Each structure stands twice: as C-alpha cells, then as structure tokens.
Amino acid sequence: MGGADDFAALERRVRELEDRLAILQLVASYGPSIDGGAVAEAGQLWTEDCWYDSDAPSAGADGVHGRAGIEGVAKMCGELDFGLAHITHLPVITVDGDHATVVGHSNTYQKVGDEFHTGRVASNRWELERVDGNWQVRLRTNRLLDGSAASKAVFADGLREAQDASTEG
Amino acid sequence: MGGADDFAALERRVRELEDRLAILQLVASYGPSIDGGAVAEAGQLWTEDCWYDSDAPSAGADGVHGRAGIEGVAKMCGELDFGLAHITHLPVITVDGDHATVVGHSNTYQKVGDEFHTGRVASNRWELERVDGNWQVRLRTNRLLDGSAASKAVFADGLREAQDASTEG
Amino acid sequence: MGGADDFAALERRVRELEDRLAILQLVASYGPSIDGGAVAEAGQLWTEDCWYDSDAPSAGADGVHGRAGIEGVAKMCGELDFGLAHITHLPVITVDGDHATVVGHSNTYQKVGDEFHTGRVASNRWELERVDGNWQVRLRTNRLLDGSAASKAVFADGLREAQDASTEG
C-alpha cells in the first residue's frame, strides 16, 4: 500500500481520467468554435492534416481538409447574419494510448424568421491524436441519420470498439 | 502525507471519479446502441432483468422488459429505413457504492421527408447497478414532459437525492 | 516516486478532476431544477447574489436577480400545465482556483398540442464560484443565437480563455 508500484498504478488511472475529460472538452469545443467564429481557436482543435469527412452538401464533395479548411468554416460561420448552432451530444469515448475514438450524435439548428429549425441530425465518429500533449481531431466522420446503413455503422462499430476496450482494460 | 491511509483515501476518490465517468459513458451509449442497431452491445448496457418503464405509446402498456426486450428494440431500430435518433442529455449522477441514480432530459428526432421532427422530450431516471465490475441499467423511467406532476417529480426527486448525497459526502 | 511531493501533486490533479465533474453536475442540474419545479434545489445551485442575465423576453428587462429570483422561476415552471424543457449542452470548462467559467449551447422545448417546438437556442457563459466547498453560479449570460456579434462573442471569448488556461496549465 502506497509503494512505488501502487503509486505508479494510481497515477496511470488519474492520467486516463484526465484524458477522458480533455476529450470531452475537445468535442464540446467544436460547436462554440464554429458558431462563435473563433478562427484560430477552431483550428487548434484539429491536426494540421485533418479531414472533416461530412456528407453535408455544404461541405462539398469531399468534406473539409486541413486546419486551414476548418478555420475557413469558422470564419464563414462567424460572418453569418443569421443564427446557426452546431450541437455535439454526450459522446462514447475509447482511449488507446495516444489515440482515441469518440462516437455520438450531433445536430444543427438554424434560425429562420422567429423560429429555430432542426437541421442535420447525424452520427459521428471522431478519431483523435495526442499531439505535443494536447488531444486534437485528425478525422471526423459525419453521416446524416436518414436510415442508411452507413449512418448506423458509425454507431455500431464505435460501440463495439468501446465495449471491447472496456473488457480488455 | 503519503502514508497508507492517505493513499487509500486518494484511491477511493479516484475510484469515485472512474465511476462517474463510466456512468456518463453508459448513458451516452444508449442512443448509439439503439440508433445503430447494435443488438448485442445494446443488451450489455442493461441487466438481465431490466425494465425500461416508458410512457411512450411505442413501448406498449408496460414498457420493455429484460435484456432480450432491449435487444429487440435495437434490432427493430436497426432495420428502419428512415432516420431516428435517441438523444441523452447531460445527466445528474448520484453514486452510492454499487448503486447509482441518474436523472436528465432525453429527446428523439425522426426524419420526415427532408426534415427532422422533434419527437418525445422526456424526463428520465436511471437506476444503475455495478455487476461484475461494470455499470448496467436495471430500471429506466421515461416520462413525457407534458406538464404532468409525474414528469416533474422525476426531476425534483432526483435532484433532492443528488443534493442530499453531496451534503452527506 | 511516491514521496510527499509526488503525492501532493497527484492529489492536486485529482482535485481538479473532481472540480470538473462537480461543475458538469452543476450545469447539468439547472434544467431539471427548473423543469421539475424543485424550488429549494434550484436555489442551491446559485449564489445568494446571483444574476441570470438573459435576453429572453420572459426574463424581463434585466434578467433574474438573486437566489430568490431563481427560486421564483422554478416555482412558476413547476406550476405550468404544459411541457417545457431547458436543455444544457456539453460545456467547455475552465477552472481557476475557486473560480470557473463555462461556455456552451442551450435550447428550450415547449409542447404545443401534440408537438414539441424548439424555443430559444442560445450561447451561454456561466461564472462559477466555490462557496463553502460547493460550486455555485454567480452569473450566467444567455444570448439568443440570432447572428448577433454579442451571441458569438460569448463563445469566442470563452474558448480563447479555455485554450489560454490549457496552455499555461
């Protein structure tokens, strides 16, 4: 009790908790970074070579590439004169060393006249990397929940990995 | 400082943090398990003898009983050819040894044509048990937020318990 | 390894994790306290001299002042005979000793006939204080996401502070 091995084991557990809370903070930061038009802060959430692979028509044929691409989205959203909101819902997190995956729902809102309309409700998979001690997004996949097999597989695959990791751990 | 008693006390605090994050992960997993049609993974979130006590018409007169019942819901949702989403919002968690209660909002979305409609917005109480080291749902109560006393009591009772536990702790 | 200094450093890390989870619990409690009409429990989430600075018409010209004001909102909502829901989304948390700031989205739902309508979708900044060991809300700013500079600044300012604190930490 309290020996060097016990201490090291407890420290590892604390580090995993810190990782999980840092990852919660990372995915929670996405929406405010875009909706706030916080260009530099939005970019810092992603790796230099990131890819936001979204099937949203506004994301173009192949999604958004690179930190500069993400910063461009934040700049554009910051200049909109109508209300837009990007919501990230409670995620399922799997940490594996310096890599992590996150799955969960997202939805958007758009203000039209005096009302907010629900935009895209989607399944998401985030692949994260720890870079210089900070978690960043390398790849985010976003699929409209329209009943397609692809949109469901994002959730089913992510949950299987999370439960497998939990059993091994 | 750093004696066996101090170490044991710190380890207990770490274990409670681990419990809270495991419980967040559990309730965050519900929606993806159903919307992803992840049958076996959905079942693993619940105890064998669980009860999902919902007043949703689709849940029948008495809700959904047993792990097999939950797996049936996941299977059915996985086969739908239209979009459906089950969202669990940020929860209030009270841990008491191998039992825990969670209260919070939920809502559903359904894709109708090109739009997502908000379905049920509800209050929820989850009663959890630690089984073989893993947190599982034994009972979830779900009440439509229609102004009824029952739907409000889910929140008021849960918050009172959470604040009482925090004062005792 | 395992010396008094190492132990104290690990304990500080555990305390910060506890703070972050307590803050998550605090902001998660707001909606259930109001929608459940839990008058006393709602009041305990806020400081005596708090201010809920909201631009919602229902909040009056200057928002809601003091714990008694918040309790009045919970009492009024508890007596409504129609459905109303206050949702707090995944927040970005910055802890600085006995103070903390939180930014994130919120939205409301109101039941109209058989349907739930989305009400206000807003940006929020919460300024928290630790009072007698418990985190409480001293100031919450809530701005409708209507494209205004003020509503975006809530997010942009909050994210900048969060990333600055993370770099210094």
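About the thresholds
- Residues numbered from 1 in each chain as written.
- Chains lettered and ligands numbered in written order.
- Predicted model: local features only at pLDDT ≥ 70, side-chain atom pairs only at ≥ 80, totals over all residues.
- Helix = DSSP H or I, 4+ residues; strand = E, 2+ residues; numbered from the N terminus.
- Buried ≥ 20, exposed ≤ 12 C-beta atoms within 10 Å, placed from the backbone.
- Contact = placed C-beta atoms within 7 Å.
- Nonpolar A, V, L, I, M, F, W, Y, C, P; charged D, E, K, R; others polar.
- pLDDT = per-residue confidence, 0-100.
- Least-squares fit on C-alpha atoms with pLDDT ≥ 70 in both.
- Core = buried A, V, L, I, M, F, W, Y, C linked by C-beta atoms within 7 Å.
- Expected span 1.5 Å × (residues − 1).
- Arc of directions from axis to C-beta.
- Axes fitted to C-alpha atoms, helices over the stretch in contact; angles between N-to-C directions.
- Parallel < 35°, antiparallel > 145°, perpendicular 65-115°, else oblique.
- Left-handed = near helix turned anticlockwise from the far one by under 90°.

Another point: the overall build of chain A. Looking only at helices and strands, chain A features four helices and seven strands. The helix and strand sequence of chain A, counted from the amino end, reads α-α-β-β-α-β-β-β-β-β-α. Considered along the principal axes of its C-alpha atoms, chain A spans approximately 65 × 35 × 30 Å. Scored against the burial criterion, the 169 residues of chain A give a buried share of 49%. Within chain A, contacts between residues separated by at least 24 positions form 55% of all contacts whose residues are at least 6 apart in sequence.

Take the interface of chain C and chain B next. At the interface, 37 residues of chain C touch 28 residues of chain B. Looking at the side of chain C that touches chain B, the elements that each hand over two or more residues are helix 1 (4–35), helix 2 (39–44), strand 3 (84–88), strand 5 (99–112) and strand 6 (115–131) of chain C. Tallying contributions element by element places helix 1 of chain C first for the side of chain C that touches chain B, with 17 residues. Taken together, the residues of the side of chain C that touches chain B break down into 18 nonpolar, 13 polar and six charged.

Here the focus is the interface of chain A and chain C. Facing the 37 residues of chain A at the interface are 29 residues of chain C. Residue assignment for the side of chain A that touches chain C shows that the elements contributing at least two residues are helix 1 (4–35), helix 2 (39–44), strand 3 (84–88), strand 5 (99–112) and strand 6 (115–131) of chain A. Per-element tally for the side of chain A that touches chain C: the top contributor is helix 1 of chain A, with 17 residues. Grouping the amino acids of the side of chain A that touches chain C by side-chain chemistry returns 18 nonpolar, 13 polar and six charged.

It is worth spelling out the confidence of the model for chain A at this point. Low-pLDDT stretches of the model should not have their predicted coordinates read in fine detail. For chain A, per-residue confidence averages 96 on the pLDDT scale, and 98% of positions sit at 70 or higher. Model confidence for the complex: the whole-complex pTM is 0.97, and ipTM, which rates the interface, is 0.96.

Bringing the relation of the copies chain C and chain B into the picture now. Laying chain C over chain B is done by rotating through 120° and shifting 0.0 Å along the axis; what remains is an RMSD of 0.0 Å. Interpreted geometrically, this transformation is the action of a three-fold axis. An asymmetric contact is evident, with only 16% of the interface residues of chain C recurring at the interface of chain B.

Rotating chain A by 120° about the axis while translating it 0.0 Å along that axis superimposes it on chain C, leaving an RMSD of 0.0 Å. Of all interface residues in chain A, a mere 16% are interface residues in chain C too; the two copies therefore contact each other through different surfaces.

Let us look at the nonpolar core. Counting 106 residues, the largest nonpolar core has Ile 23 and Val 102 of chain A, Ile 23 and Val 102 of chain B together with Ile 23 and Val 102 of chain C as its most contacted members. In contact with Val 102 of chain B, other than residues within four places in its own chain, are Ile 23, Val 27, Pro 91, Val 92, Ile 93, Trp 126 and Leu 128 of chain B. Counting residues in hydrophobic clusters, the runner-up holds eight residues, among them Leu 144 of chain B together with Ala 85, Tyr 109 and Phe 116 of chain C.

Attention now moves to helix 3 (residues 66–78) of chain B. All names here are of chain B. Here helix 3 spans 19 Å end to end across 13 residues, near enough to the 18 Å set by a 1.5 Å rise per residue. Burial in helix 3 covers these residues: Arg 67, Ile 70, Glu 71, Val 73, Ala 74 and Cys 77. What you see down the axis of helix 3 is that its buried residues fit within an arc of 155°, all on one side. As for helix 3, its buried residues are in contact with helix 1 (4–35), helix 2 (39–44), strand 1 (46–54), strand 2 (64–65) and strand 3 (84–88).

Looking now at the packing of helix 1 of chain A against helix 1 of chain B. It is the contact of helix 1 of chain A with helix 1 of chain B, at a shortest axis distance of 11 Å, that shows an interaxial angle of 30°. As summarised for this structure, helix 1 of chain A and helix 1 of chain B are arranged roughly parallel, according to the angle between their axes. Between helix 1 of chain A and helix 1 of chain B the crossing geometry is left-handed. Touching Asp 6, Leu 10, Arg 13, Val 14, Leu 17 and Arg 20 of chain A of helix 1 of chain A are Phe 7, Leu 10, Glu 11, Val 14, Leu 17, Glu 18 and Leu 21 of chain B, all from helix 1 of chain B. When grouped by side-chain class, the residues that make up the contact of helix 1 of chain A with helix 1 of chain B number eight nonpolar, no polar and five charged.

Residues and elements named next belong to chain B. The contact between helix 1 and helix 3 brings their axes to 7 Å, and the two run at 55°. When the axis of helix 1 is compared with that of helix 3, the two are oblique. Judged by residue contacts, Ser 33, Ile 34 and Asp 35 of helix 1 engage Val 73, Ala 74 and Cys 77 from helix 3.

Moving on, we come to unusual backbone geometry. A positive phi angle, close to 50°, is found at Asp 132 of chain B, a residue other than glycine. Within the fold, Asp 132 of chain B resides in the loop between strand 6 (115–131) and strand 7 (134–144).

Within the fold, Leu 90 of chain B resides in the loop between strand 3 and strand 4 (92–96). With 13 residues separating them along the chain, Leu 90 of chain B and Val 103 of chain B place their C-alpha atoms 8.9 Å apart. Filtering out sequence-adjacent residues up to four positions away, Leu 90 of chain B remains in contact with Leu 90 of chain A, Gly 104 of chain B together with Leu 24, Ala 28, Thr 88 and Leu 90 of chain C.

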